[in-house]
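One-letter residues, chain by chain:
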Amino acid sequence: MTGTGHVAGGRTDAGGPPSGRIVSGLMRIGDMPDDDVRALYDAARRAGVTTFDHADIYGFHLADGAMHVCEERFGAALNLSPAEREEIVIQTKTGIVPTESRYDSSYDHIVSSAEGSLRALRTDHVDVLLIHRPDALAEPDEIARAADHLIGSGKVRAIGVSNHTPAQIDLLAASLDHPIVVNQVQLSLGCAGLITQGMFANVAGAEQAVVRDGGGLLDHARLRGIRIQAWSPLQAAGGGLVVDAERFPGTGGLLAALAERHGVTPTAIAIAWLTRHPAGIEPVVGTTSPSRLHEAAAGAGVRLTNPEWYDLLRAAGHDIP
Ligand SMILES: NC(=O)c1ccc[n+]([C@@H]2O[C@H](COP(=O)([O-])OP(=O)(O)OC[C@H]3O[C@@H](n4cnc5c(N)ncnc54)[C@H](OP(=O)(O)O)[C@@H]3O)[C@@H](O)[C@H]2O)c1
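One structure accompanies this document, and this report is about it. (Residues numbered from 1 in each chain as written. Predicted model: local features only at pLDDT ≥ 70, side-chain atom pairs only at ≥ 80, totals over all residues. Heavy atoms only, no water.)

Thoughts on helix α12 (residues 306-315)
Convention followed: The buried label applies to any residue whose accessible area, calculated with a 1.4 Å probe on protein chains only, is under 20% of its type's maximum; exposed applies above 50%, and partly exposed to all values in between. Helix and strand assignments come from DSSP, with helices taken as H or I runs of at least 4 residues and strands as E runs of at least 2, each series counted from the N terminus. Each C-beta atom gives one direction from the helix axis, and the arc is the one those directions make. Note on definitions: a residue-residue contact is assigned when non-hydrogen atoms from the two residues lie within 4.5 Å.
Turning to α12, its buried residues are Glu308, Trp309, Leu312 and Leu313. The buried residues of α12 occupy one face: seen down the axis, they fall within an arc of 140°. Tucked into the core, α12 has its buried residues touching α7 (193-199), α9 (249-262) and α10 (266-275). Positive phi appears at Gly317, one or two residues downstream of α12, with a value of about 100°.

What to know about the site of the ligand
Keep this limit in mind: Think of it this way: one heavy atom of a residue within 4 Å of a molecule or strand is enough to make that residue near it. Counted as a polar contact is a pair of N or O atoms within 3.5 Å, where, for protein atoms, one must be capable of donating a hydrogen and the other of accepting one, and residues adjacent in sequence contribute only when both atoms are in side chains. Calculation of accessible area relied on Shrake-Rupley with a 1.4 Å probe; when residues are assessed, cover is drawn exclusively from the protein chains displayed. Side-chain classes are defined by residue name, with Ala, Val, Leu, Ile, Met, Phe, Trp, Tyr, Cys and Pro counting as nonpolar, Asp, Glu, Lys and Arg as charged, and the others, Gly among them, as polar.
Around the ligand, a shell composed of 25 residues is seen, among which Asp53, Ser232, Thr287, Thr288 and Arg292 lie nearest. Between the ligand and the protein, one listed contact pairs a nitrogen atom with a side-chain N or O atom of Tyr58 at 3.3 Å. A distance of 3.3 Å separates an oxygen atom of the ligand from a polar backbone atom of Pro233. In the complex, the protein chains occlude 81% of the 910 Å² of accessible area that the ligand would expose alone. The residue inventory of the shell around the ligand, partitioned by class, reads 10 nonpolar, 11 polar and 4 charged.

Details of the packing of aromatic side chains
Where two aromatic rings form a pair, the distance of their centres and the angle of their planes describe that pair. Put simply, the rule reads: Put simply, two rings from Phe, Tyr or Trp (the six-membered ring, in Trp's case) pair if the centres are within 6.5 Å, and we call them stacked under 30 degrees between planes, edge-to-face over 60, tilted for the rest. Distance and angle both matter: a charge sits over a ring if NZ of Lys or CZ of Arg is within 6 Å of the ring centre and within 35 degrees of the ring normal.
Counted by the stated rule, this structure contains 5 aromatic pairs. Ring geometry for Trp309 and Tyr310: centres 5.0 Å apart, planes at 85°, overall edge-to-face. One aromatic cluster is present, formed by Tyr41, Phe52 and Phe74 through successive ring pairs. Positioned over the ring face of Tyr107 is Arg145, at 4.3 Å from the centre of the ring.

Considering the packing of helix α4 (residues 107-121) against helix α5 (residues 140-152)
Selection rule: Only the stretch in contact is used when fitting a helix axis, every axis being a line fitted to C-alpha atoms; angles between N-to-C directions are given from 0 to 180 degrees. The sense of a crossing depends on the near helix, which, turned anticlockwise from the far helix by less than a right angle, makes the crossing left-handed and, turned clockwise, makes it right-handed.
Their axes nearest at 8 Å, the elements α4 and α5 cross at an angle of 35°. For α4 against α5, the interelement crossing comes out right-handed. On α5, the residues that touch Tyr107, Ile110, Val111, Ala114 and Glu115 of α4 are Glu142, Ile143, Arg145, Ala146, His149 and Leu150. Looking at the contact of α4 with α5 residue by residue, the classes come out as 7 nonpolar, 1 polar and 3 charged.

A few points about the pattern of salt bridges
Under the convention used in this document: Each reported salt bridge corresponds to a side-chain nitrogen of Lys or Arg within 4 Å of a carboxyl oxygen of Asp or Glu.
Counted by the stated rule, this structure contains 14 salt bridges. Two residues, Arg38 and Glu84, come together in a salt bridge whose shortest N-O distance is 3.6 Å. Of the two residues, Arg38 is situated in helix α1 (residues 34-46) and Glu84 in helix α3 (residues 82-87); the sequence distance between them amounts to 46 residues. Among the ionic contacts, a cluster of salt bridges with common partners joins Arg38, Asp42 and Glu84.

Considering the nonpolar core
Note the cut-off: In this text, buried Ala, Val, Leu, Ile, Met, Phe, Trp, Tyr and Cys residues form a nonpolar core when linked through side-chain atoms within 4.5 Å.
Within the largest apolar cluster, 79 residues are counted, with the highest numbers of intra-cluster contacts made by Phe74 and Trp273. Not counting residues within four places of it along the chain, the set of residues in contact with Trp273 comprises Ser188, Leu189, Ala192, Ile195, Leu304, Trp309, Leu312 and Leu313. Core analysis: the next-biggest nonpolar cluster, separate from the first, contains 5 residues, Val128, Leu130, Ala158 and Val181 among them.

Focus: the packing of α5 against helix α6 (residues 166-175)
Helix-helix packing is described using two parameters, namely the angle between the two axes and the distance between the axes. Note the following rule: Orientation categories follow fixed angle ranges, with anything under 35 degrees roughly parallel, anything over 145 roughly antiparallel, 65 to 115 roughly perpendicular, and all other angles oblique.
In contact at an axis separation of 8 Å, α5 and α6 are set at 55° when each is read in the N-to-C sense. Classified by the interaxial angle, the pair formed by α5 and α6 is oblique. For the pair α5 and α6, the sense of crossing is right-handed. Mapping the contact onto sequence places Pro140, Asp141, Ile143 and Ala144 in α5 and Leu171, Leu172 and Ser175 in α6. Split by residue class, the contact of α5 with α6 holds 5 nonpolar, 1 polar and 1 charged.

The structure is reproduced here in structure tokens:
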């Protein structure tokens, strides 16, 4: 089996479905009534969002072991017409299991989980199926066999990963006959190690120089044509939100000043900080509030200057070598 995608002009073009810059993350909709799910979805569409992010484990019920809870909420609340379904990209994830096994990367599990997602989402295909976390016991050829089956049968259109290092991606890609189109990773102004590590490479004694991402994760993705999605895009280091000006007055103050300058909200500026990076980062916004989603989506329309971008990095507590 072969590797990673078409190489063009020094970059690869892995293909996959089109995606707006902002993704609506639906991890927190498990208890929301139909009307609220519909209001969130409508706000997303009005804001130009076309990609909706799920996972089989989102909303997991400890009491009865129910999986696919958030997917089911989305599917039941929206009951999308075939025409509306074709206008959006639905991605979901598999591989994390709420048992002592922790992960299940077997052919049977991946196929049955994806089929469960289709039933819950009330759709005949998902646009991208992501392997949720690296499983140390995964057999890449077995994942590839499941991908072949799911793509061959039209149930899945493309394969992605989440929280994977460059080497893990290359290992899996070597078995797959289909390109890996996306890697979804934790990244925000507060949790920016994926960006700052490369800036500190080989700086003696610097904590920031420690490689935690397997090395060059963002650059590797750009070279391979793999889209990067940023989960928890507002999270501050150590918890909380970067937009919480009471808790983080330095970051909050600068976000507010830049918000005024650009005519948007501090949330939009925190999102703009991610979209300004040349890796083409797609923030996966997890709010359940239509107005906050609208605020965040406005960030994709703001282009921060280089000084603004670096000032924010410093205000969020990151050193610059
Ligand atoms: N691949 C992975 O391993 C992984 C892991 C975690 C998450 N994800 C994905 O990423 C998505 C986003 O993650 P996330 O929800 O942690 O990220 P987030 O968008 O950074 O945070 C959302 C949380 O912040 C709150 N919030 C947002 N703006 C706020 C404001 N201005 N003031 C007060 N609270 C505010 C939201 O509450 P309200 O709802 O009340 O606005 C919500 O609880 C998830 O839905 C999921 O799709 C992926």
